[in-house]
Amino acid sequence: MSDRRELDALDVALLAAVREHRSAGPLELSRLLGVARGTVSARLQRLEDDGVVTGYGPDVDVAAAGFGVQAFVTLEIAQGAIDAVRRDLEAIPGVLEAHATTGSGDVLVRVAARSHEALQQILVDLNRSSAVVRSTSVVALSELVAWRTLPLLRSGAAPGAGRSGMPPPPRG
């Protein structure tokens, strides 16, 4: 990974266009953005190399895929057991993501299950980890704001950078 550098307006517009026009190739993206195809290709490659773009796979709605019960679980773990808890969490298919955190808990885990009974089994599995001292769970009732990145990227884009006269980026 290269040194991080600030994204500019063209980078953000390119990311928005890729998100909005998922099947568009570099030529179509260059037409949409009014820049050369080589510029699009080079920018995408740099964004990939810098770790900004991590993949182009489909976004999956786990609820639509049959896993409509979701919860957030806060784990308190034994001191120094972060690697052990990571291994244990990776072994549980219902774990969608986990983050080491500050505050009263040590790890915040997002899980999904087909039913409340399946959720209960995931919670039992989490507590079987020898690294887990205590867990607290809350069931998610609805999603208020879906995972998003474009508003953040737009707010932090370097002002005046990128292609001048570029059309405003697509919303999304």
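What you see is a predicted model; the values in this text were computed from it and never measured.

Caption draft 1: Spatial organisation of the nonpolar core. If you look at the biggest cluster of nonpolar residues, it comprises 20 residues, and the most contacted ones within it are L75, V85, L89, V109, V111 and L126. Counting residues per element, the ones that place at least two in this core are β1 (69-77), α4 (82-90), β3 (107-113) and α5 (116-128). With five residues, the single largest contributor to this core is β1. Sequence-distant contacts of L89, defined by excluding residues within four places in its chain, comprise L75, V95, A98, V107, V109 and L126.

Caption draft 2: Highlighting the sheet that holds strand β4 (residues 132-140). On the basis of which strands lie adjacent, the open sheet formed by four strands has the order β2-β3-β1-β4 and antiparallel pairing. Edge positions in the sheet fall to β2 (95-100) and β4, since each of these pairs with one other strand and no more. Strand-to-strand twist across the sheet, computed as the mean angle between neighbouring axes with direction ignored, equals 20 degrees. Sheet strands in contact with α5 are β1, β2, β3 and β4, and its direction is about 145 degrees off that of β3.

Caption draft 3: Local environment of the packing of aromatic side chains. All told, the structure shown has zero aromatic pairs when counted by the stated rule. Over the ring of F67 we find R114; its NZ or CZ atom is 4.2 Å from the centre of that ring.

Caption draft 4: Quick peek at the pairing of β3. Of all seven residues that make up β3, five are buried, and the element is covered over most of its length. When β1 meets β3, the two strands line up antiparallel, connected through seven bridges. In the strand pairing of β3, T74 is matched with L108. Direction of pairing for β2 relative to β3: antiparallel, over a ladder of five bridges. Paired with A100 across the strands is V107, a residue of β3. Counting the residues that bridge the hairpin from β2 to β3 gives six residues, and of these G103 lies at a positive phi of roughly 105 degrees.

What counts and what doesn't
Residues numbered from 1 in each chain as written. Predicted model: local features only at pLDDT ≥ 70, side-chain atom pairs only at ≥ 80, totals over all residues. Heavy atoms only, no water. Core = buried A, V, L, I, M, F, W, Y, C linked by side-chain atoms within 4.5 Å. Buried < 20%, exposed > 50% of the residue type's maximum accessible area, 1.4 Å probe, protein only. Helix = DSSP H or I, 4+ residues; strand = E, 2+ residues; numbered from the N terminus. Contact = heavy atoms within 4.5 Å. Pairing = 2+ DSSP bridges. Axes fitted to C-alpha atoms, helices over the stretch in contact; angles between N-to-C directions. Phe/Tyr/Trp six-rings, centres within 6.5 Å; stacked < 30°, edge-to-face > 60°. Lys NZ or Arg CZ within 6 Å of the ring centre and 35° of its normal.

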